[in-house]
Amino acid sequence: MTEKKFNVAVAGATGAVGNQMISCLEERNFPINSIKLLASSRSVGRKIVYRGNSIAVEELKENSFKGIDIALFSAGGGISEKFAPLAAKDGCVVIDNSSAWRMDPDVPLVVPEVNPHAVAQYTNKGIIANPNCSTIQMVVALYPLHQKYGIKRIVVSTYQAVSGTGKKAVEELDSQTRAILNSKNYESKVYPHTIAFNCLPHIDVFLENGYTREETKMVYETQKILEDDTIGITATTVRVPVFYGHSESINIEAKKNISAQEVKSVLKKTPGVKVVDDPKNNVYPLAIDAAGQDLTLVGRIRDDESIENGINMWVVADNIRKGAATNAVQIAEILAKEYL
Ligand code: NAP
Ligand code: 3JN
């Protein structure tokens, strides 16, 4: 039987995530019949190479999705809010990387290693949401522990790379670092403070309760994906001067007896996870090792000696790949294989 091939569109194709989506489709040999690359009017005429062919970027418009089977969106929440329903109306399934649809009860929020069954709900609105990058790597590591031990509470602090803010932030860290090392003047345009040689406890906007939107996303998205709103979650999200790879310090309190040794053996068998944990030999997950690959690295696994059934760990993943593009393409693979 010949394999079914799909007409695919990438909205936000010129961005940090969109670009990686195009590479992931190619690397993973996604069955593509045609590919349409969409961005703003600023990028019209730009060429992007896909499988050796140079493809011209087109302007994202209301009628861009006619004849498209699957659209991967990463052009921001406002664009997703407006264009995802239009694309769905034209019969296309949207896999959206923004926060616009994540908490809509009719829209599945999917991490393929955790809740692939939720993809079935794409029929509700024709939209599937991709979670926030910080949520994705956390749930990949915690899902098997929640299944086996029941997680009561999560305390997480993140150390997030600038690529999470997009291509302009990558340029800002690069240019500020060079300027500071050469005693030159520089400006901060993307972030409210200098990001080079600094840490900013501020990702996305501040809310009334003093938390940021990024911190709030981690709470509600995790509960939705793990299908358990009784888990207590508190987060502090921090931007650090790293280009690629988000790191997280995660503390969990479990309902059942748990030990670091057992956690290591459970995580060694967990799909999508690589245990990197040999501290005596200075081996633990590092952002520079996580960058450019798709596994979630987990290490520094140890008992929290201050409470019963507590565990600490250090979790690192490539925020643009598993945190965004790869996760979206994995969702497209499930759709293509099982539903379309
Ligand atoms: P980026 O590097 O700044 O790229 C933004 C992309 O959106 C570019 O392709 C840009 O096109 C396009 N765009 C902007 N305004 C547009 C418009 N009016 N019409 C059509 N296209 C437009 O940002 P990024 O890091 O790739 O992030 C893009 C979005 O993906 C974010 O806003 C966020 O919603 C989502 N995201 C999700 C995660 C996650 O955690 N899963 C992580 C990062 C980002 P031009 O080049 O033509 O301007
Ligand atoms: O800052 C990061 O490391 C991840 C950023 C994600 C992001 C950036 C801009 C807008 C999002 C997101 O995915 O939650 C959004 C959004 O709200 O859509």
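Refer to the structure above for everything that follows.
## Quick look at the site of ligand 1
Then, number 1: Looking at ligand 1, there are 27 residues lining it, with Thr14, Ser40, Arg42, Ser43 and Cys133 nearest.
Then, number 2: Between ligand 1 and serine 43, the relevant distance is 2.5 Å, taken from an oxygen atom to a side-chain nitrogen or oxygen of the residue.
Then, number 3: The separation between a nitrogen atom of ligand 1 and a polar main-chain atom of proline 131 is 3.0 Å.
Then, number 4: In the complex, the protein chains occlude 79% of the 920 Å² of accessible area that ligand 1 would expose alone.

## Some details on the site of ligand 2
Then, number 1: Near ligand 2 you find 14 residues, and of these Ser99, Arg102, Lys217, Arg239 and His246 are the closest.
Then, number 2: Here an oxygen atom of ligand 2 sits 2.5 Å away from a polar atom, N or O, in the side chain of serine 99.
Then, number 3: Glutamine 160 places a polar side-chain atom, nitrogen or oxygen, 2.9 Å from an oxygen atom of ligand 2.
Then, number 4: Relative to its unbound accessible surface of 430 Å², ligand 2 loses 75% to contact with the protein.

## Overview of the packing of helix H3 (residues 133-149) against helix H8 (residues 321-339)
Then, number 1: Contact geometry of H3 with H8 gives a least axis separation of 8 Å together with a crossing angle of 85°. Judged on the interaxial angle alone, H8 and H3 are roughly perpendicular. Judged by residue contacts, Cys133, Ile136 and Val140 of H3 engage Lys322, Gly323, Ala324 and Asn327 from H8.
Then, number 2: Classifying every residue of the contact of H3 with H8 by side-chain character gives four nonpolar, two polar and one charged.

## Details of a nonpolar patch on the surface
Then, number 1: Taken together, the side chains of Tyr284, Leu286 and Ile288 make up a nonpolar region of the molecular surface, amounting to roughly 300 Å² of accessible area.
Then, number 2: Inspection of the secondary structure puts tyrosine 284 in the loop between strand E12 (273-275) and helix H7 (287-290).
Then, number 3: Judged by relative accessible area, tyrosine 284 falls into the partly exposed class, the value being 32%.

## A closer look at the nonpolar core
Then, number 1: If you look at the biggest cluster of nonpolar residues, it comprises 52 residues, and the most contacted ones within it are Phe65, Ile154 and Met313.
Then, number 2: With eight residues, the single largest contributor to this core is H3.
Then, number 3: With near-sequence residues (within four places) excluded, methionine 313 lies in contact with Leu142, Leu145, Glu248, Ser249, Ile250, Val263, Val298, Gly299, Arg300, Ile301 and Arg302.
Then, number 4: Residues Met21, Leu25, Val93 and Ala328 belong to the second largest nonpolar core, which totals 37 residues.

## Focus: the sheet that holds strand E8 (residues 127-129)
Then, number 1: Here six strands make up an open sheet; going across it, the order is E5-E2-E1-E6-E7-E8 and the pairing parallel. Two strands lie at the open edges of the sheet, namely strand E5 (58-59) and E8, each paired on one side alone.
Then, number 2: Inspection of the sheet shows strand E2 (residues 32-39) paired to E5 by two bridges, in the parallel sense. Bridge pairing in E5 places leucine 38 opposite glutamate 58.
Then, number 3: This element, helix H1 (residues 16-27), spans strand E1 (6-11), E2 and strand E6 (70-73) of the sheet and lies at about 155° to E1.

## Focus: H1
Then, number 1: Taking 1.5 Å of rise per residue, twelve residues should cover 16 Å, and H1 covers 17 Å from first to last C-alpha, within 8% of that figure.
Then, number 2: Considered for burial, the residues of H1 that qualify are Val17, Gly18, Gln20, Met21, Ile22, Cys24 and Leu25.
Then, number 3: Where H1 is buried, its residues meet E1, E2, strand E3 (47-50), E6 and H8.
Then, number 4: Where H1 ends, the next residue or the one after it, asparagine 29, has phi of about 55°, a positive value.

What counts and what doesn't
Residues numbered from 1 in each chain as written. Chains lettered and ligands numbered in written order. Predicted model: local features only at pLDDT ≥ 70, side-chain atom pairs only at ≥ 80, totals over all residues. Heavy atoms only, no water. Near = heavy atom within 4 Å. Polar contact = N/O pair within 3.5 Å; in protein donor to acceptor, adjacent residues only side chain to side chain. Areas by Shrake-Rupley, 256 points an atom, 1.4 Å probe, with all protein chains shown as cover. Axes fitted to C-alpha atoms, helices over the stretch in contact; angles between N-to-C directions. Helix = DSSP H or I, 4+ residues; strand = E, 2+ residues; numbered from the N terminus. Parallel < 35°, antiparallel > 145°, perpendicular 65-115°, else oblique. Contact = heavy atoms within 4.5 Å. Nonpolar A, V, L, I, M, F, W, Y, C, P; charged D, E, K, R; others polar. Patch = residues over 30% accessible without salt bridge, like charges linked within 9 Å, V, L, I, M, F, W, Y side chains within 5 Å. Salt bridge = Lys/Arg side-chain N within 4 Å of Asp/Glu carboxyl O. Buried < 20%, exposed > 50% of the residue type's maximum accessible area, 1.4 Å probe, protein only. Core = buried A, V, L, I, M, F, W, Y, C linked by side-chain atoms within 4.5 Å. Pairing = 2+ DSSP bridges. Expected span 1.5 Å × (residues − 1).

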